[in-house]
Amino acid sequence: MRLESGKMDFLKKIWIARKLILVVLIPLSLLPLPLIHPTSEASCAYVLIVTAVYWVSEAVPLGAAALVPAFLYPLFGVLKSSEVAAEYCKDTTLLLMGVICLAASIEKWNLHKRIALRMVMIAGAKPGMLVLGFMCCTVFLSMWLSNTSTTAMVMPIAEAVLQQLISTGVADTQEDDDNIVGPEENSDKEENLDKNQLELLYRRESYVKKEHSTLGEESNGLALKLSPSQEFLEKNNGYLPQTAVNITESQQPTDQNPSRYPTKRDHMICKCLSLSITYAATIGGLITITGTSTNLIFAEQFNSRYPDAKVINFGTWFIFSLPISIIMLILTWVWLHCMFLGCNFKETCSLSKKRKTRREELSEKRIQEEYTKLGPISYPEVVTGIFFILMTLLWFTREPGFVPGWTSLFEKKGYRTDATISVLLGFLLFLIPARKPWPSASSDKATDRNSEKEPSPDPLAPMITWKDFQSLMPWEIVILVGGGYALAAGCKVSGLSVWIGRQLEPMSGLPPWAVTLLACLLVSGVTEFASNPATLTVFLPILSTLSETLHINPLHTLIPCTMCVSFGVMLPVGNPPNAIVFSYGHVQISDMVKAGFGVNLIGVMVVMLAIMTWGGPLFQLTEFPEWVITRNITRSL
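The model shown is predicted, which means the values in this text are computed figures rather than measured ones.

Each value, and the rule that gives it
Along each chain, residue indices are assigned from 1 in the same order as the chain's sequence is written. Totals for whole chains, interfaces and linings use every residue, but because this is a predicted model, local features are given only for residues with pLDDT of at least 70 and side-chain atom pairs only at 80 or more, for both listing and counting. As a rule here, side-chain values come from all non-hydrogen atoms in the structure, and water together with hydrogens is ignored. Only runs of H or I of at least four residues qualify as helices and only runs of E of at least two qualify as strands under DSSP, and these elements are numbered from the N terminus. Residue exposure ignores everything except the shown protein chains as possible cover, and the areas themselves are Shrake-Rupley values with a 1.4 Å probe. Each nonpolar core is a collection of buried residues, namely Ala, Val, Leu, Ile, Met, Phe, Trp, Tyr and Cys, held together in the definition by side-chain atoms within 4.5 Å. The buried label applies to any residue whose accessible area, calculated with a 1.4 Å probe on protein chains only, is under 20% of its type's maximum; exposed applies above 50%, and partly exposed to all values in between. Two residues form a contact once any of their heavy atoms are found within 4.5 Å. Polar contact criterion, stated in full: a pair of N or O atoms within 3.5 Å, where within protein one must be able to donate a hydrogen and the other to accept it, and residues adjacent in sequence count only if both atoms are side-chain atoms. Our arc is simply the arc of the directions from the helix axis toward the C-beta atoms. The salt bridge definition used is simple: a Lys or Arg side-chain nitrogen within 4 Å of an Asp or Glu carboxyl oxygen. Think of each axis as a best-fit line through the C-alpha atoms, taken over the contacting stretch in the case of a helix, with angles from 0 to 180 degrees between the N-to-C directions. When describing relative orientation, an angle under 35 degrees is termed roughly parallel and one over 145 degrees roughly antiparallel, while 65 to 115 degrees is termed roughly perpendicular and anything else oblique. Left-handed describes a crossing whose near helix is turned anticlockwise from the far helix through less than a right angle; right-handed describes the clockwise counterpart. All amino acids are sorted into three groups, where Ala, Val, Leu, Ile, Met, Phe, Trp, Tyr, Cys and Pro are nonpolar, Asp, Glu, Lys and Arg are charged, and the leftover types, Gly among them, are polar. Under the convention used throughout, the expected extent of a helix is 1.5 Å for every residue step, that is, one less than its residue count. Centre distance within 6.5 Å is the pairing criterion for rings of Phe, Tyr and Trp, where only the six-membered ring of Trp is used; planes under 30 degrees apart are then read as stacked, over 60 as edge-to-face, and the remainder as tilted. Here, a charge over a ring means that NZ of Lys or CZ of Arg falls within 6 Å of the ring centre while also lying within 35 degrees of the ring normal. Distance thresholds for patches are 9 Å for like charges and 5 Å for nonpolar side chains (Val, Leu, Ile, Met, Phe, Trp, Tyr), applied to residues having over 30% relative accessible area and no salt bridge. The quantity known as pLDDT measures the predictor's confidence residue by residue, on a range of 0 to 100. Throughout, disulfides are identified as pairs of cysteine sulfur atoms within 2.5 Å of each other.

Considering the overall build of the protein
Consideration 1: Within the protein, the secondary structure is distributed over 31 helices and zero strands.
Consideration 2: When the accessible surface of the protein is summed, it comes to about 28,400 Å², and 65% of that surface belongs to carbon and sulfur atoms.

In structure tokens, the structure reads:
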């Protein structure tokens, strides 16, 4: 018995120290590779494998693992230290900083909450339309904010509506069981229920504000920046693990009824609405090049590898991805509706006021009350909205392609990018005062009320401060993206990418669509268990080399895989939005697996449809581009 207990204690210690053991054993076990074969290719492969294992296993934080090439490349003579350092700060870093400035202003002045509540008010309280309304507002917000930030902001609003549905259902049940209760007592019961639910909502919102910062990545996204006290995120590189998501308060309200839901249908509505938000956040992140960090990683690596290819910018990406997101939004809504609410769309989606039930009317009233609390639109919200629209218009009109853009007004070409616009407008937010130049008592009160921060006594206080920016800036993702660039540069200089391409020549007999489909399925499977940015960073150089070897336009494989890497929606650990939704306790892992599998298939099919139809003429995918040939000639010289 003592021997068995000693073995168990030893195994427990091994399990506790598994990450440390992995960090030490992986480099040591692979060390013979560069020692037996002292070539640049072998040394680069060693660094690539070690970094990839660290990323996939998350044995060390993602940002720390991204620093491995910074010291191993110079040690093995693959790249100079100055050359590696230059890869860690690119144009996309400035683009991200400007977007974060705008996002900080949006969230500081509650513009995102006003947009979300207004869109839900338009949709109504019918279950089907309510889910669609929340999905639409989540998609719109996720285009500009990170997926994690959007989910953390929308879920408390959705939870308020769901708690109102639950409390109304309990009241209805009590009315059915006790018909002797007089109208005065019944109204007292309803008032007490409302007070209890308001208290529960207050606790929930306070908890969410504590535990979730309003901007992250996703990694849906740009990475969640959280307070130091949140150990469950710090230990998992910004990703909420399965063991930490069951921590929300008031998961099981004390009630004589053993279930927290009055009826099974109420539970189904809660499941459907909760899952719809995380899926909508993922869909919205696909639309813009800044919507999620994986899009930024692709754009920068592609432009670095093929500098002569002037095809990927905000406008072309938006034109290609917007139809994908619209189709995915509709199909995902139909899939969730059929799975949780049934196929009777007429009953759950009717906009007729005559068909509204009591609980639907109360839900609409609750949403209206939340919107009323925001008060009239304030001056900072107007300024933020103008900057939001201006940044979008300048991105679209920089180089639209079909007509000359505003960059044609300058004599020197190629100097201005999307990052130029982003940083300029972000810089102005640090200068423009948050109060009107013509102050009034009512406008000052509205400004202080709409801000989540403490009102500043300084009348010239700017729209955002450096503290606001710093609290939202995902530095881990910046370093992670830089590590990916460094790995790609090492593969290029050492010749490892050429060697990988030669090993993939047997796939030359496959048609382009088959190669793309296989790559999409592989990436979407791996990303269920590994972080999205790490997965894409590992696969992009391999897929680029594969495309060049098979004489396929690299965009034919890179764009679909970049989108499919975001479809890690089957498990709570797939991405932070999944974990946030799971922590509210309405869904189980089995629900996420079944619903997420359908969403994953929908995403892959829609992306394949796009790349085979409107993506062809948009990016000239049927031709092997000259910018690939030019790159190969330059590299050979």
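Here the narrative resumes, following the displayed structure.
Regarding the nonpolar core
Consideration 1: With 160 residues, the main nonpolar core has Trp55, Phe134, Phe298, Phe302, Ile312 and Leu555 as its most contacted residues.
Consideration 2: The element best represented in this core is helix α16 (residues 314-341), accounting for eleven residues.
Consideration 3: In contact with phenylalanine 302, other than residues within four places in its own chain, are Ala309, Val311, Ile312, Leu555, Leu558 and Trp627.

Details of unusual backbone geometry
Consideration 1: For asparagine 110, which is not a glycine, the phi torsion comes out positive at approximately 65°.
Consideration 2: Along the chain, the position of asparagine 110 falls in the loop between α8 (91-108) and α9 (111-123).

Thoughts on the side chain of serine 422
Consideration 1: Here serine 422 shows up in helix α20 (residues 418-429).
Consideration 2: At 3.1 Å, the side chain of serine 422 forms a polar contact with the backbone nitrogen of valine 99.
Consideration 3: The contact partners of serine 422, leaving out residues within four places of it in the chain, are Leu94, Leu95, Gly98, Val99, Met391 and Trp395.

Some details on helix α6 (residues 68-76)
Consideration 1: Those residues of α6 that sit buried are Val68, Pro69, Leu72 and Tyr73. Here the buried residues of α6 occupy an arc of 105° about the axis, which is enough to place them on one side.
Consideration 2: Contacts made by the buried residues of α6 are with α4 (40-57), α5 (62-65), α7 (81-86) and α23 (475-494).
Consideration 3: The positive-phi residue at the C-terminal boundary of α6 is glycine 77, with phi of around 75°.

Points about the pattern of salt bridges
Consideration 1: All told, the structure shown has four salt bridges when counted by the stated rule.
Consideration 2: The shortest N-O distance in the salt bridge between aspartate 468 and lysine 108 comes to 3.0 Å.
Consideration 3: Its relative accessible area of 8% is what places aspartate 468 among the buried residues.
Consideration 4: Residue classification places lysine 108 among the buried residues on the basis of a relative accessible area of 9%.
Consideration 5: Here glutamate 381 makes a salt bridge to arginine 114, at a shortest N to O gap of 2.7 Å.

With respect to the packing of helix α26 (residues 532-549) against helix α27 (residues 554-564)
Consideration 1: As a packed pair, α26 and α27 sit with axes 9 Å apart at the nearest point and diverge in direction by 160°. On the basis of the axis angle, α26 is roughly antiparallel to α27. For the crossing formed where α26 meets α27, the hand is right-handed. Residues Leu536, Leu540, Leu543, Ser544 and Ser547 of α26 pack against Pro554, Thr557, Leu558, Cys561 and Thr562 of α27.
Consideration 2: Of the residues assigned to the contact of α26 with α27, the class counts are six nonpolar, four polar and no charged.

Some remarks on helix α25 (residues 512-526)
Consideration 1: Compared with an ideal rise of 1.5 Å per residue, which puts 15 residues at 21 Å, α25 spans 21 Å between its outermost C-alpha atoms and is within 8% of the ideal.
Consideration 2: The complete set of buried residues in α25 reads Ala514, Val515, Thr516, Ala519, Cys520, Val523 and Ser524.
Consideration 3: Summarising the contacts, the buried residues of α25 are in contact with α26, α27 and α29 (589-612).

Brief notes about the packing of aromatic side chains
Consideration 1: Enumeration over the complete set of coordinates arrives at 13 aromatic pairs.
Consideration 2: When the centroid spacing of 6.4 Å and the interplanar angle of 75° are considered together, the rings of phenylalanine 430 and phenylalanine 469 count as edge-to-face. In this pair, phenylalanine 430 sits in the loop between α20 and α21 (441-450) while phenylalanine 469 sits in helix α22 (residues 466-472), placing the two residues 39 residues apart along the sequence.
Consideration 3: By relative accessible area, which is 1% here, phenylalanine 469 ends up buried.
Consideration 4: Connected via pairs of aromatic rings, a cluster forms that spans Phe298, Phe302, Tyr306, Trp317 and Trp627.
Consideration 5: Positioned over the ring face of tryptophan 15 is arginine 18, at 4.0 Å from the centre of the ring.
Consideration 6: If you follow arginine 416 out to its NZ or CZ, it ends over the ring of phenylalanine 410, 4.1 Å from the centre.

Quick notes on a nonpolar patch on the surface
Consideration 1: A cluster of nonpolar side chains, namely Met8, Phe10, Leu11 and Ile14, defines an oily patch on the protein surface of about 400 Å² accessible area.
Consideration 2: Position of phenylalanine 10 among the secondary structure elements: in helix α1 (residues 2-16).

Structural notes on the confidence of the model for the protein
Consideration 1: Mean pLDDT for the protein: 76, with 77% of residues reaching 70 or above.
Consideration 2: Low pLDDT, under 50, characterises residues 173-257; the predicted model gives this stretch 180 contacts beyond four residues in sequence or across chains.

Details of the state of the cysteines
Such a bond, covalent and formed between the sulfur atoms of two cysteines, is termed a disulfide.
Consideration 1: Under the criterion given, the structure shown has zero disulfides.
Consideration 2: No disulfide involves cysteine 561; its sulfur sits 4.3 Å from the nearest other cysteine sulfur, which is in cysteine 520.
Consideration 3: The class of cysteine 561 is buried, set by a relative accessible area of 0%.

Overview of the side chain of threonine 51
Consideration 1: Within the fold, threonine 51 resides in helix α4.
Consideration 2: Among the polar contacts listed, one links the side chain of threonine 51 to the backbone oxygen of valine 47, at a separation of 2.8 Å.
Consideration 3: Residue contacts for threonine 51: discarding those within four places in its chain leaves Ala65, Val68, Pro69 and Leu487.

Observations regarding the environment of glycine 426
Consideration 1: Residue position: glycine 426 is located in helix α20.
Consideration 2: On a C-alpha basis, the gap between glycine 426 and phenylalanine 387 in space is 8.9 Å, while along the polypeptide they are 39 residues apart.
Consideration 3: Residues contacting glycine 426, with those up to four places away along its chain left out, are Gly98 and Cys101.

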